[in-house]
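Commentary on secondary and tertiary structure
Residue-level listing of the chains:
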Amino acid sequence: MLAAKGLTRRFGGLVAVDDVSLELRRGQIHALIGTNGAGKSTLINLLAGELSPTSGAISLRGRAVLHGRPDRLARLGVGRTFQRSNVFSEFSAFENCRIAAQARIPRVWALHESAAQCRSSSGAAERALAAVGLTARRDVAAGLLSHGERRELEIAMCLATEPSVLLLDEPLAGMGAEESTRVLDLLRRLKLERAILLVEHDMDAVFAVADVITVMADGAVLASGAPEDVRNDPAVRESYLGDAI
Amino acid sequence: MSTARRILPWLSLLMLILLPALAGKFYIELVAKIMIMAVFAMSLDLLVGVTGLVSLGHAAFFGLASYVLVLAAPDQYTAVSLWTSLPLAVAASALLALVIGALALRTRGVYFIMVTLAFSQMVYFVFHDTKLGGGSDGTYLYAKPTAMLGGWSLLDFNNSTQFYYAMLGLLTLIFAFLRLLLASRFGHALRGIRSNEQRMRALGFNTYAYKLAAFTIAGAIAGAAGYFAAVQFGFVNPEMLSWHQSANVLLMVILGGAGNLFGAVVGAFTFVLLQDLFSSLTKHWLLLMGGFVILAVMLLPGGLTRVSDSWQAWRARMQGG
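Criteria and cut-off values
Residues numbered from 1 in each chain as written. Chains lettered and ligands numbered in written order. Predicted model: local features only at pLDDT ≥ 70, side-chain atom pairs only at ≥ 80, totals over all residues. Helix = DSSP H or I, 4+ residues; strand = E, 2+ residues; numbered from the N terminus. Rg over C-alpha atoms; globule rule 2.2 N^0.38 Å. Buried ≥ 20, exposed ≤ 12 C-beta atoms within 10 Å, placed from the backbone. Contact = placed C-beta atoms within 7 Å. Pairing = 2+ DSSP bridges. Axes fitted to C-alpha atoms, helices over the stretch in contact; angles between N-to-C directions. Parallel < 35°, antiparallel > 145°, perpendicular 65-115°, else oblique. Left-handed = near helix turned anticlockwise from the far one by under 90°. Nonpolar A, V, L, I, M, F, W, Y, C, P; charged D, E, K, R; others polar. pLDDT = per-residue confidence, 0-100.

Now for the overall build of chain B. Helix and strand counts for chain B stand at 13 helices and 4 strands. Rg of the C-alpha trace for chain B: 20 Å, near the compact-globule value of 20 Å for 321 residues, within the 12% margin. Overall, the C-alpha framework of chain B stretches about 65 × 50 × 45 Å when taken along its three principal axes. Scored against the burial criterion, the 321 residues of chain B give a buried share of 45%. Sequence separation of 24 or more characterises 78% of the internal contacts of chain B that already satisfy a separation of 6 or more.

Written out as structure tokens, the structure reads:
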């Protein structure tokens, strides 16, 4: 669905992402791993349109994507979450999801229609909260949620926009074991209809759910393929996984 | 407290309806002027309190509309029709806001404040340094606009009481319109932008377009206020679009409490009444005004409409410490 070809991004002299090509397919969880500073977050920012590539191209369902317009990409169905929880702290969990769902409703100028009584965005918000298991906490201000709950809310907001491609930047970071399991189950369900890119440090989780794994080092792709192939790749073992696996 | 918050605007409306029966001409005219400023302040609150855009050039839209009223008349002794001159003045302000907003909204934070200030100063000097509208002296407007309907005069703006009720109607109308706007999906999106613009973009909102729409609406409403200010005062001068005027209206919003519209109204009343009180006490009244503003910001950071929040926070601090 979402494909990148020869994607490169330089910051001054630093090449943060170096000639990366990958393709996200519906029905697959594509995991992206690598050490800190390997360029994973920069790559997500490029795919989400937050950053423009120095060179290379991105296409969505075979059509070229204009850079530097994250809102347009989001409306075309590319949803993302942030590495650091990026929520509306003073809004309740439910309101966070409702405003996210609202991005899907085109009638911006219907000033006489109350946002609080909008059935389609309220419904999408309830479904998104239920999907991550936050229904009981729906009226709590996002700023008062626990760290793990805020990570779940981050995912719920992304789901409320009903994306067909999900770019998840370390969704499990700081979550407890129970929460992680719930999110991984959710990802397995979500991938049936969607393409998912998962940036994650938790190797057990990655090898448990990923269909394809791409390993990055110094901005470039070190290896890419099925989990077993990547696990046995000598270059990956040497530089990254070490003796851990 | 929330019931009090719901009742207060209605109670205020009732008091404003009754005021002309109880007060003399001086106070009727003073409160009419305050209501115009309250409309002006609410329009700025849509930017500052709701969308998080601190503009220091809002007087440009207020002042431009008052100049349009003057320039719409063939000479200063001929009355123009309200039905043509008001839409013209509001449209001019909205257009100016659209142009300034389109450029200024490319910047953020303190740069946005500076760019709005710079643009409004440009408008100021257009009227200050050219013969347009009487240059730095301004122009008197001897004939107030007429509001005819089917051969009848609907409103006589020379009559203080009629003008007062017209302004009360305007205040109520704008308040109701903005309340509706804030409750709509558009209003919720503006609050989302104030809270976290990057996230709004990532969710699929074209935040630039939303901000530009808010800026244009605010400019149009400020224009309506400026138009009626010129009608009431009977003259226009460049001071009406100076940065002092922009700062005054910003103070009203902050004093009353930004983001809830009613605060802007309370702020306008407090500011103008205190201005009146202090200037009757001493020639150096600006000193008193400045002192009051500093005290208010220190003691009531949420503004006058959030007195109870500030009081509770203070009590909690005292008990905790």
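Read on, since the account is not over.
Let us now look at the sheet that holds strand β2 (residues 14-24) of chain A. All names here are of chain A. Judged by pairing direction, the sheet is antiparallel, and its 4 strands sit side by side in the order β2-β1-β4-β5 without closing on themselves. Each edge of the open sheet is held by one strand with a lone partner, namely β2 and β5 (63-64). Where strand β1 (residues 2-11) and strand β4 (residues 55-60) come together, 5 bridges link them in antiparallel fashion. Pairing of A3 across the sheet is with S59, part of β4.

Take the interface of chain B and chain A next. In this complex, chain B contributes 21 residues to the contact, which on the side of chain A involves 27 residues. Of all the secondary-structure elements, those providing two or more residues to the side of chain B that touches chain A are α6 (160-183), α7 (185-195) and α8 (197-203) of chain B. The element best represented in the side of chain B that touches chain A is α7(B), accounting for 7 residues.

Attention now goes to α7(B). Of all 11 residues in α7(B), 10 are buried; the element is thus mostly enclosed. All buried positions along α7(B) are accounted for by B:R185, B:F186, B:G187, B:H188, B:A189, B:L190, B:R191, B:G192, B:I193 and B:R194. Contacts from the buried residues of α7(B) go to α3 (93-102) of chain A together with α2 (25-51), α6, α8 and α9 (207-233) of chain B.

Let us look at the packing of α2(B) against helix α11 (residues 262-281) of chain B. Residue and element names in this part refer to chain B. As a packed pair, α2 and α11 sit with axes 8 Å apart at the nearest point and diverge in direction by 135 degrees. It follows that α2 is oblique to α11 by the angle criterion. Note on packing geometry: the crossing formed by α2 with α11 is right-handed. Taken together, the residues of α11 that come into contact with α2 (itself represented by L30, K33, I34, M37, A38, A41, M42 and D45) are A264, V265, G267, A268, F269, V272 and D276. Of the residues contributing to the contact of α2 with α11, the split by class is 11 nonpolar, 1 polar and 3 charged.

A word on the confidence of the model for chain A. Looking at chain A, pLDDT values average 89 and 98% of them are 70 or higher. Mean pLDDT in chain A bottoms out at helix α9 (residues 234-241) of chain A, which sits at 77, and peaks at strand β8 (residues 195-199) of chain A, which reaches 95.

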